[in-house]
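Residues per chain, in single letters:
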Amino acid sequence: MDHKTEIILTVLGIVLVHGLIFYWVSRKTRTNIRGKHVVVTGGSSGIGLWAATECVRLGANVTIVARNVKLLEKAKAQLLSNKVREDQKIEYRSIDLAKSYDAVEKGLQEVEGSIGPVFMLINCAGMAICGTVEDTSIEDARLMMDVNYFATFYPTRYLLPKMKLAKEGIIVITASQAALIGLYGYGAYAASKFALRGLAETIAMEAKHCGVSVTLALPADTDTPGFERENESKPMETKIISGSGGLAKPEDVGKRIVHDALKGSFFSILGLESWVLSTLCVGMSPWKSPVLCVLQFYLLGPLRLIGLVIQWNFQRIIRNCAKEKENREA
């Protein structure tokens, strides 16, 4: 068997395993959220809006949270058009989630008073400013930690003890593939997303025995307004590296996040590339499926070799871009 054939068979094997895993996971029983209260932060656009749309379609009472009132009003109108129950409640609240814990606590208390206790929290608020570490301002680094980490920590911190007391609840923490691997031009951004992974794994350990499940969403590049703004500051190296994975649709990502969370999956991923990366970087993350654990045991070795090739390619891209810059400056 020649080297080319071995590579083809390896790839086909990975695709087959991925298909079997998808089939197995899709058979799991989903939690019914019909009539229950779901709060979606960052719910005025992008992934958050589509996650909220799916929750509405499943019959939940939904509150979307963001800062921009005009966008919230437009998003609410879209959600209302997807109602499946006459008495279904859909509201919005304008809250600066990164401002302070007190502001978030006050806003969520109003939300609870209007619709009732929160059964599911989907954290989708976030932003990205790209640049090498030395080119990232201190202000931008702090801003990303505030928006990406604390805007998730505050609402989670407020609702978690209530869910533990009720002995039920679901918390979704939307990070990024940058929570698994540090990439050129994503230094400060990746740091804030790595923090979210640590938060998700910790809560999963602290709250599982109380009936609260945690899902860490790891979307790849997604066609959202935030992604358009992200591209404005993205170095050429970063565009080439991240562009190889394509661009996901926010409706697909939002729907997948909701259904993965309702099945109790810790990781929420979409696509073969994301599955390979999450398997390669699984580490000490929580587990649910014994079958998946066995597959990870056998696949980590081969996937490590694939990871080394991917890292080599990233370094090649960076070297080529550096040569181009030198030639332009010469």
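A brief look at the structure comes next.

Definitions and cut-offs
- Residues numbered from 1 in each chain as written.
- Predicted model: local features only at pLDDT ≥ 70, side-chain atom pairs only at ≥ 80, totals over all residues.
- Heavy atoms only, no water.
- Patch = residues over 30% accessible without salt bridge, like charges linked within 9 Å, V, L, I, M, F, W, Y side chains within 5 Å.
- Areas by Shrake-Rupley, 256 points an atom, 1.4 Å probe, with all protein chains shown as cover.
- Salt bridge = Lys/Arg side-chain N within 4 Å of Asp/Glu carboxyl O.
- Lys, Arg positive; Asp, Glu negative; His and termini not counted.
- Charge placed at Lys NZ, Arg CZ, Asp CG, Glu CD.
- Helix = DSSP H or I, 4+ residues; strand = E, 2+ residues; numbered from the N terminus.
- Core = buried A, V, L, I, M, F, W, Y, C linked by side-chain atoms within 4.5 Å.
- Buried < 20%, exposed > 50% of the residue type's maximum accessible area, 1.4 Å probe, protein only.
- Contact = heavy atoms within 4.5 Å.
- Pairing = 2+ DSSP bridges.
- Axes fitted to C-alpha atoms, helices over the stretch in contact; angles between N-to-C directions.
- Polar contact = N/O pair within 3.5 Å; in protein donor to acceptor, adjacent residues only side chain to side chain.
- Phe/Tyr/Trp six-rings, centres within 6.5 Å; stacked < 30°, edge-to-face > 60°.

### Things to note about a negative patch on the surface
Turning to step 1, where the next piece is worked out: Taken together, the side chains of D223, E228, E232, E251 and D252 present a region of like negative charge at the surface.
Turning to step 2, where the next piece is worked out: With respect to the helices, strands and loops of the structure, D252 is situated in helix α9 (residues 250–262).

### Some words on the nonpolar core
Turning to step 1, where the next piece is worked out: Core analysis: the biggest nonpolar cluster contains 50 residues, and I173, L216 and L218 have the highest contact counts within it.
Turning to step 2, where the next piece is worked out: Elements with a minimum of two residues in this core: α4 (101–115), α5 (138–166), β5 (169–174), α6 (187–207), β6 (212–217), α10 (272–280) and α11 (290–329).
Turning to step 3, where the next piece is worked out: Broken down by element, the residue count for this core peaks at 8 residues, all from α5.
Turning to step 4, where the next piece is worked out: Excluding anything up to four places from it in sequence, I173 contacts N123, T152, L196, L199, A200, I203, T215, L216 and A217.
Turning to step 5, where the next piece is worked out: In terms of nonpolar packing, the next biggest core, distinct from the first, is built from 29 residues, V38, A60, V172 and A217 among them.

### With respect to the sheet that holds strand β2 (residues 61–66)
Turning to step 1, where the next piece is worked out: Read across the sheet, 7 strands follow the order β3-β2-β1-β4-β5-β6-β7 without closing on themselves; strand pairing throughout is parallel. Each of the sheet's edge strands pairs with one partner strand only, and the pair in question is β3 (90–94) and β7 (267–268).
Turning to step 2, where the next piece is worked out: Bridge analysis of β5 against β6 gives 6 bridges, and the strand direction is parallel. By the bridge assignment, G169 is partnered in β6 with V212.
Turning to step 3, where the next piece is worked out: Of the strands in this sheet, β2 and β3 touch helix α3 (residues 69–80), which is tilted by about 170° from β3.

### Examining the side chain of R85
Turning to step 1, where the next piece is worked out: Considering the arrangement of structural elements, one finds R85 in the loop between α3 and β3.
Turning to step 2, where the next piece is worked out: Of the residues examined, R85 reaches a relative accessible area of 12% and is grouped as buried.
Turning to step 3, where the next piece is worked out: Within the structure, the side chain of R85 is placed 3.2 Å from the side chain of D87, a separation counted as a polar contact.
Turning to step 4, where the next piece is worked out: Discounting residues that sit within four places of it in the chain, R85 has contacts with R34, G35, G59, A60 and N61.

### With respect to a nonpolar patch on the surface
Turning to step 1, where the next piece is worked out: A surface patch of nonpolar side chains, amounting to about 390 Å² of accessible area, comprises V294, F297 and Y298.
Turning to step 2, where the next piece is worked out: Here F297 shows up in helix α11.

### What about the packing of aromatic side chains?
The geometry of an aromatic ring pair is captured by the separation of the ring centres together with the interplanar angle, meaning the angle of the planes.
Turning to step 1, where the next piece is worked out: Using the criterion set out here, one finds 9 aromatic pairs in the structure.
Turning to step 2, where the next piece is worked out: When the centroid spacing of 6.4 Å and the interplanar angle of 85° are considered together, the rings of F150 and F153 count as edge-to-face. On the criterion of helical spacing, the pair formed by F150 and F153 is a turn pair, its members being 3 residues apart in helix α5.
Turning to step 3, where the next piece is worked out: Classification of F153 by relative accessible area gives partly exposed; the value is 27%.
Turning to step 4, where the next piece is worked out: With a centroid separation of 5.2 Å and an interplanar angle of 90°, the aromatic rings of F297 and Y298 are classed as edge-to-face.
Turning to step 5, where the next piece is worked out: On the accessibility criterion, Y298 (61% relative accessible area) is exposed.
Turning to step 6, where the next piece is worked out: A network of ring pairs unites the aromatic residues Y101, Y149, F150, F153 and Y154 as a single cluster.

Shape descriptors only; they carry no functional weight alone.
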